[in-house]
Amino acid sequence: MNLKALRAEAQELQNEIVKWRRDLHQIPELGLDLPETSAYVERTLKELGIPVKTGLAKSGVVGLIAGCEPGPTFALRADMDALPIQEETGLAFASRHPGRMHACGHDTHTAMLLGAAKLLQAHCAELKGNVKLIFQPAEEGPGGAEPMIRDGVLADPPVEAILGMHIGTIFKEVPAGVIGVGYGPLMASLDRFYIKVIGKGGHGAMPETTVDPVAITGTLIGALQQLVSREQKPTHPLVLTIGRIQGGSAYNVIPSFVELEGTVRATREDERQSIARRMEAVVAGITQGLRASYEFKYDFGYPPLVTDEGVTRHVEETARELFGPEGVMTLSEPTMGGEDMAFFLERVPGTFIFLGGANPAKGIVRAHHSSTFDVDEAVFWRGSAALAASALTWLDKNHKQRHASRR
Ligand code: NI
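Sequence order as written defines residue numbering, which begins from 1 separately in each chain. The model is predicted, so local features are restricted to residues of pLDDT at least 70 and side-chain atom pairs to those at 80 or more, both for listing and for counting; the totals for chains, interfaces and linings are taken over all residues. Only heavy atoms go into the side-chain values, all of them from the structure, while hydrogens and water stay out.

Chemist: Is there a simple way to explain the pairing of strand β5 (residues 159-168) in this structure?
Modeler: In regular strands, side chains alternate between the two faces of the sheet. Counting buried positions along β5 yields 9 of 10 residues, so the element is predominantly enclosed. Pairing between strands requires that DSSP locate at least two bridges from one strand to the other. Secondary structure elements follow DSSP: runs of H or I of four or more residues count as helices, runs of E of two or more count as strands, with numbering from the N terminus. Where strand β3 (residues 73-79) and β5 come together, 5 bridges link them in parallel fashion. Within the sheet, the bridge partner assigned to Phe74 lies in β5 and is Ala161. Bridge analysis of β5 against strand β16 (residues 350-356) gives 7 bridges, and the strand direction is parallel. Bridge pairing in β16 places Gly164 opposite Phe352. Between buried and exposed lies partly exposed: a residue is buried under 20% and exposed over 50% of the maximum accessible area for its type, with that area taken using a 1.4 Å probe on protein chains only.

See the structure below:
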């Protein structure tokens, strides 16, 4: 397959991708409940002649482009959900749903994957296998990847490699239109914990008659941070943030309990499991040592996102061929944000790439999840081209390898 031709075809699709994005941008929906968005995706795929399955994880949509030659299946994944934010961009195609906004660019992911679908469908005679198009809900919570996997998205035909993409400024060093790729741990796990330090309340002037949970909490916070500073390998990033702490109701009363809530971010599964265990041990040891008791809850959310070296290298080389060396960059360190693409990458080798979407020259600089977030639409065709070309050339390469091994 000539990637120059595919690049030109993607450029010709640019206006259509922009139209899809603007349509989707006006109908933002939340979580697993995306009736208008998934109907739009289903309708568009059917118009392209692509068979569609719906209802996975409630609003998930899956298209399958079957190549003319039998072969393995490569999956492309986009998320479709928005955020509970009132849009303040003033754009002509701003949200028509009060209190909801595509403030993370998932509308653009959906539109770019539709663009890739159109490119691939036009070349289905050249596909040496299948391309599965996965449109998932609820990336911003409660999570759509895991329920789609439970509903069989990775089976029938089985997915052998997967690629997802995020637009914007998650990695600020990626300029507009450039593709950022990263090897190994690239994004962090996203976990939540709750701690209740249970003491015995009483008069603020008579601490000896109480078990003061406020004082115990002070000790506990320092000890928990030592898990990061003294037990974690310093070259492996780990975050433990306590974002909420509440206790007491009067200046001169010792309360009977204090509550804390926070988040842990790790880039390796073993380290994530280890800090969850060690946190409870520290909470138990300090509260019991100081005559209090405790409750501890640790909710495992999205796992660390770890890319596969082979698929990442393949996508990097494909993007370099499409856009030249200046169109691709290698990310040197992970971000501590989380992504539920990680669930797919736990089960199937694959990668997650970042398409630079901010453009200071055009005044497009606002951060993700802000009410004025926007992206430079001029980059869309590049996203569609990168997705389509990576799938096409991966199937080609696999076909050649299988052929060679049979001889
Ligand atoms: Ni996002």
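Chemist: How should helix α6 (residues 269-289) be read in this particular structure?
Modeler: Since there are 3.6 residues in each turn of an α-helix, residues three or four apart along the chain are aligned in direction. An ideal rise of 1.5 Å per residue puts 30 Å on 21 residues; α6 measures up with 30 Å between its terminal C-alpha atoms. Among the residues of α6, those classed as buried are Glu271, Arg272, Ile275, Ala276, Met279, Val282, Val283, Ala284, Ile286 and Thr287. Any two residues whose heavy atoms approach within 4.5 Å are treated as being in contact. Buried residues along α6 sit in contact with β8 (190-198), α5 (213-231), β10 (238-247), β12 (257-266) and β13 (293-302). Immediately beyond the C-terminal end of α6, within one or two residues, lies Arg291, with a positive phi of roughly 75°. Residue count minus one, scaled by 1.5 Å, sets the expected span of a helix.

Chemist: In this structure, what is going on with the environment of Glu69? I would like to understand it.
Modeler: Position of Glu69 relative to the elements: it lies in the loop between β2 (60-66) and β3. Overall, the relative accessible area of 34% leaves Glu69 in the partly exposed class. Separated by 328 residues in the primary sequence, Glu69 and Lys397 place their C-alpha atoms 14 Å from one another. If we skip the residues at most four places from it in the chain, Glu69 touches Leu127, Lys128, Gly129 and His399.

Chemist: I tried to follow the sheet that holds strand β1 (residues 52-56) on my own but got confused; where do I start?
Modeler: Each strand in a sheet pairs with its neighbour through backbone hydrogen bonds, running either in the same direction (parallel) or in the opposite one (antiparallel). Pairing is mixed across the open sheet formed by 8 strands, whose spatial order is β1-β2-β4-β3-β5-β16-β6-β15. In the strand order of this sheet, the two ends are held by β1 and β15 (328-330), each with one partner. On average, each strand axis in the sheet is inclined to that of its neighbour by 25°, with strand direction left out of account. Pairing analysis gives 4 bridges linking β1 to β2, with the strands arranged antiparallel. Its bridge partner being in β2, Lys53 is matched across the sheet by Val62. To get an axis, a line is fitted to the C-alpha atoms, and for a helix only the part in contact is used. The angle between two axes follows their N-to-C directions and goes from 0 to 180 degrees. Strands in contact with helix α2 (residues 35-47) are β1, β2 and β4 (130-136); relative to β2, the strand with the most contacts, it is inclined by about 15°. Packing of helix α3 (residues 106-122) onto the sheet brings it into contact with β2, β3, β4, β5 and β16, and relative to β3 it is tilted by some 150°.

Chemist: Honestly, the side chain of Ser371 in this entry has me stumped. Any pointers?
Modeler: Relative to the elements of secondary structure, Ser371 occurs in the loop between β16 and α9 (380-406). Whenever a nitrogen or oxygen atom comes within 3.5 Å of another N or O atom, the pair is scored as a polar contact, on the condition that within protein one atom can donate a hydrogen and the other can accept it, and that pairs from neighbouring residues in sequence are kept only if both atoms are in side chains. A polar contact is formed between the side chain of Ser371 and the side chain of Glu88, at a distance of 2.7 Å.

Chemist: What's the story with the packing of aromatic side chains in this structure? I'm lost.
Modeler: Two measures describe an aromatic ring pair: the distance that separates the ring centres and the angle between the ring planes. Working definition: rings of Phe, Tyr and Trp (its six-membered ring) pair if their centres are within 6.5 Å, and the pair is stacked with planes under 30 degrees apart, edge-to-face with planes over 60 apart, and tilted otherwise. Counting across every chain of the model gives 7 aromatic pairs. Ring centres 4.6 Å apart and planes at 70° place the aromatic pair Phe171 and Phe354 in the edge-to-face group. Taken together, the positions of Phe171 in the loop between β5 and β6 (179-181) and Phe354 in strand β16 put the pair 183 residues apart, joining distant regions of the chain. In this structure, Phe171 and Phe354 share a single accessibility class: buried. The ring of Phe257 is capped by Lys196, whose NZ or CZ atom sits 4.3 Å from the centre of that ring. Consider the ring centre and the ring normal. A charge sits over the ring if Lys NZ or Arg CZ is within 6 Å of that centre and within 35 degrees of that normal. One Lys or Arg, Lys297, reaches over the ring of Tyr194 and ends 4.7 Å from the middle of that ring.

Chemist: Sorry if this is basic, but what is going on with the domain arrangement of the protein chain here?
Modeler: Much of the literature gives interface size as the accessible area that the parts lose upon coming together. Annotation comment: domain bounds sourced from an automatic or database domain assignment. Each assigned domain of the protein chain is listed with its residue range as follows: domain 1 (3-188 + 304-405) and domain 2 (191-300). Centre-to-centre, using C-alpha coordinates, domain 1 lies 39 Å away from domain 2. Each partner contributes to the interface: domain 1 provides 10 residues, whereas domain 2 provides 9 residues. Basic side-chain nitrogens of Lys or Arg form a salt bridge, by our definition, when they fall within 4 Å of a carboxyl oxygen of Asp or Glu. Linking domain 1 with domain 2 are 0 salt bridges, by the criterion used here. Between the two partners, domain 1 and domain 2, sit 1 residue pair in polar contact (both at pLDDT 80 or more).

Chemist: What should I look at first to understand α5 in this one?
Modeler: Helix length check: α5 (19 residues) gives 25 Å between terminal C-alpha atoms against 27 Å at 1.5 Å per residue, within 8%. Where α5 bends most, at Gln225, the angle is about 30°. Of all the residues in α5, the buried ones are Pro213, Ile216, Thr217, Leu220, Ala223, Leu224 and Leu227. Residues of α5 that are buried in the fold lie against β8, β10, β11 (253-254), β12 and α6. Each residue is assigned a bend, namely the angle between axes fitted to the seven residues that terminate at it and the seven residues that start at it.

Chemist: Sorry, what's going on with the coordination of the nickel ion here?
Modeler: Expected angles at a metal are 109.5 degrees for tetrahedral coordination by four donors and either 90 or 180 degrees for octahedral coordination by six donors. Counted as coordinating are nitrogen, oxygen and sulfur atoms within 2.8 Å of the metal, or 3.2 Å for Na, K and Ca, while water is not included, which may make sites look incomplete. Within the protein, Cys104 (SG), His106 (NE2) and His166 (NE2) serve as the donor atoms for the nickel ion, at 2.2 to 2.4 Å. Each donor residue of the nickel ion belongs to the same chain, with the gaps between them written as C-x1-H-x59-H. Taken together, the residues span a long stretch of sequence, with Cys104 in the loop between β3 and α3 and His166 in strand β5 at a distance of 62 residues. Judged on exposure class, the residue Cys104 and its partner His166 are both buried.

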